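Examination of the molecular architecture
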Amino acid sequence: MNKVILITGATGFLGSAIMRRFLVLGYKLKLLIRKRQRNRSITEDFILNNRMDESPYGLFLDNVEIFEGDITSKYFGLGKDIYKQLCSEVDEVLHCAAATHFEKQRADELMMVNVNGTENMIWFANSGKQKRFHYISTAYVAGKGEGVIFEDELDNEPQFNNEYERSKFLAEQMVVQYAKENVIPYTIYRPGIIVGDSRTGFTCNFDNLYLFAKVLSNIKDDYINRQGQDSRDQDRNVTIRVPGDPNALVNLVPIDYVADAIVAISQKRETVGKIFHITNPNPPTLNELRNYLTSFLGINGVDISIDGQMEHKHLSTIERLFLRQTRTYHPYIFSKLRFDCSNTRNTLKGAGINCPVISHDLIKILLNYAISHNWGERERVTSQKVVMV
Ligand SMILES: NC(=O)c1ccc[n+]([C@@H]2O[C@H](COP(=O)([O-])OP(=O)(O)OC[C@H]3O[C@@H](n4cnc5c(N)ncnc54)[C@H](OP(=O)(O)O)[C@@H]3O)[C@@H](O)[C@H]2O)c1
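As for the site of the ligand
Near the ligand, the surroundings consist of 25 residues, among which Thr11, Leu14, Arg34, Tyr164 and Lys168 are the closest. Here an oxygen atom of the ligand and a backbone polar atom of Leu14 are 2.8 Å apart. Protein coverage of the free-state accessible area of the ligand, which is 910 Å², stands at 91%. Grouping the amino acids of the shell around the ligand by side-chain chemistry returns 12 nonpolar, eight polar and five charged.

Points about the nonpolar core
Leu14, Leu29 and Leu31 are the most contacted members of the largest nonpolar core, which totals 83 residues. Counting residues per element, this core draws most heavily on helix 8 (residues 255-266), which supplies nine residues. In terms of nonpolar packing, the next biggest core, distinct from the first, is built from 33 residues, Val4, Met174, Ala179 and Ile184 among them.

Re the pattern of salt bridges
Tallied over the full model, the rule gives 15 salt bridges. A salt bridge links Glu89 to Lys30; the shortest N-O distance between them is 2.9 Å. Of this pair, Glu89 sits in helix 4 (residues 80-89) while Lys30 sits in strand 2 (residues 28-34), and the two are 59 residues apart along the sequence. Owing to a relative accessible area of 27%, Glu89 belongs among the partly exposed residues under this scheme. For Lys30, a relative accessible area of 9% gives the class buried. Of the charged contacts, one joins Asp307 and Lys313 as a salt bridge, the two residues approaching to 2.8 Å between their closest N and O atoms. One salt-bridge network, held together by shared partners, links Lys30, Glu65 and Glu89.

A closer look at the packing of aromatic side chains
Evaluation of the coordinates by the stated rule reveals 15 aromatic pairs. On the numbers, 5.9 Å between centres and 40° between planes, the contact of Phe102 with Tyr332 is tilted. Separated by 230 residues along the polypeptide, Phe102 in the loop between strand 4 (92-95) and helix 5 (107-125) and Tyr332 in the loop between helix 10 (317-325) and strand 13 (338-339) bring together distant segments of the chain. With a centroid separation of 5.3 Å and an interplanar angle of 80°, the aromatic rings of Tyr140 and Phe339 are classed as edge-to-face. Here Tyr140, found in the loop between strand 5 (132-136) and strand 6 (148-149), pairs with Phe339, found in strand 13; they are 199 residues apart in sequence, far enough to count as distant. An aromatic cluster is defined as three or more aromatic residues linked by ring pairs; in this entry it consists of Phe102, Tyr140, Tyr164, Tyr329, Tyr332 and Phe339.

Here's the deal with the sheet that holds strand 5
Read across the sheet, seven strands follow the order 3-2-1-4-5-7-11 without closing on themselves; strand pairing throughout is parallel. At either end of the open sheet lies a strand with only one pairing partner, and these are strand 3 (64-69) and strand 11 (274-278). Direction aside, the axes of adjacent strands within the sheet are offset by 15° on average. Alignment of strand 4 against strand 5, held across four bridges, turns out to be parallel. When the bridges of strand 5 are listed, Leu94 appears paired with His134. Each of strand 4, strand 5, strand 7 (186-191) and strand 11 touches helix 8; the most contacted strand, strand 11, lies at about 160° to it.

What counts and how
Residues numbered from 1 in each chain as written. Predicted model: local features only at pLDDT ≥ 70, side-chain atom pairs only at ≥ 80, totals over all residues. Heavy atoms only, no water. Near = heavy atom within 4 Å. Polar contact = N/O pair within 3.5 Å; in protein donor to acceptor, adjacent residues only side chain to side chain. Areas by Shrake-Rupley, 256 points an atom, 1.4 Å probe, with all protein chains shown as cover. Nonpolar A, V, L, I, M, F, W, Y, C, P; charged D, E, K, R; others polar. Core = buried A, V, L, I, M, F, W, Y, C linked by side-chain atoms within 4.5 Å. Buried < 20%, exposed > 50% of the residue type's maximum accessible area, 1.4 Å probe, protein only. Helix = DSSP H or I, 4+ residues; strand = E, 2+ residues; numbered from the N terminus. Salt bridge = Lys/Arg side-chain N within 4 Å of Asp/Glu carboxyl O. Phe/Tyr/Trp six-rings, centres within 6.5 Å; stacked < 30°, edge-to-face > 60°. Pairing = 2+ DSSP bridges. Axes fitted to C-alpha atoms, helices over the stretch in contact; angles between N-to-C directions. Contact = heavy atoms within 4.5 Å.

What follows is the structure, given as structure tokens:
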């Protein structure tokens, strides 16, 4: 607990959840936060955005030091002296920062932040005293792979669904190679698709599951609002087709499980040199998820039918809209990848840290939170980002 850990990405969804857990455990933290134009001081901004009025507030002031910089810059943009001091003070690095969008047009940024930025971080781990290096990757470095993906697998480059996956794969390979060559103790964590807290529903990321739920919710509203309008309207089919494979496995993992698992694994010596799938061992199928969503949203009288071939068919306006609005996530509603998580299961045995089952009740908790926060719109309007787990 006397260790000093440098965390990147602590303003993000996962990084902030990990940071809070390390704080409560009593570690000293150095946070490398991306430099931004801010009205308030970075500490005020950070405390406010993390709702640090709760218990870790005092711990935060005592045990956290914030450095405004950029992982893509030389010396993180901090200047050589501060960088050198950090090199000698820090015992472990938890590298969570990344560019997390799927936009093809911004592929350069993905390479710059995810590959070059990670390279800078592992060089840092190898400068001054040797530091343990924890790297947050993604289960989807497996790309368009098939079947069961094992944690120690993945030497050959698979085909990717997007440049985000490619950048994370390249970064992971680079970490393993550099760490082996320079004898840096490393551990890699590969989460599935992260959703809100299983107990409170809290999230500050309203993509993936939330995007589909929001579009479905809009469809429902549209039908209700249009009751009584022209009954000959050709868009008012009783069936609405949505894309995907009904048997696709959607690897949703609640943020509390992901953060608890990473923190527990990171504290063990025997996890050095290993890769951990922080994934759902029993992921729901798309068909099950559709049923949970339609039941939660109260979509009655309209059959939401999953259709793997709909791109090639004549579509109604609503179906075209659904297709367009969810397109970036389509790879994940066709994927049948299963992630073996033996390393994680064996390491967490007896620790009481288990991935919650994605049930109707859990979906209710997650979506109630999202709806009460207007699918993330309120946060965007009132503050830069609200982060709390
Ligand atoms: N969310 C998921 O479903 C998921 C699934 C699997 C793996 N992961 C991995 O988990 C990690 C965290 O993801 P997340 O969902 O928490 O993402 P997020 O909310 O988008 O957070 C990304 C973090 O990275 C920081 N960052 C980006 N560019 C930076 C730079 N140049 N210098 C310093 N910091 C920078 C961001 O800072 P700002 O606040 O300034 O933007 C933010 O703190 C990532 O490595 C991601 O690949 C996420």
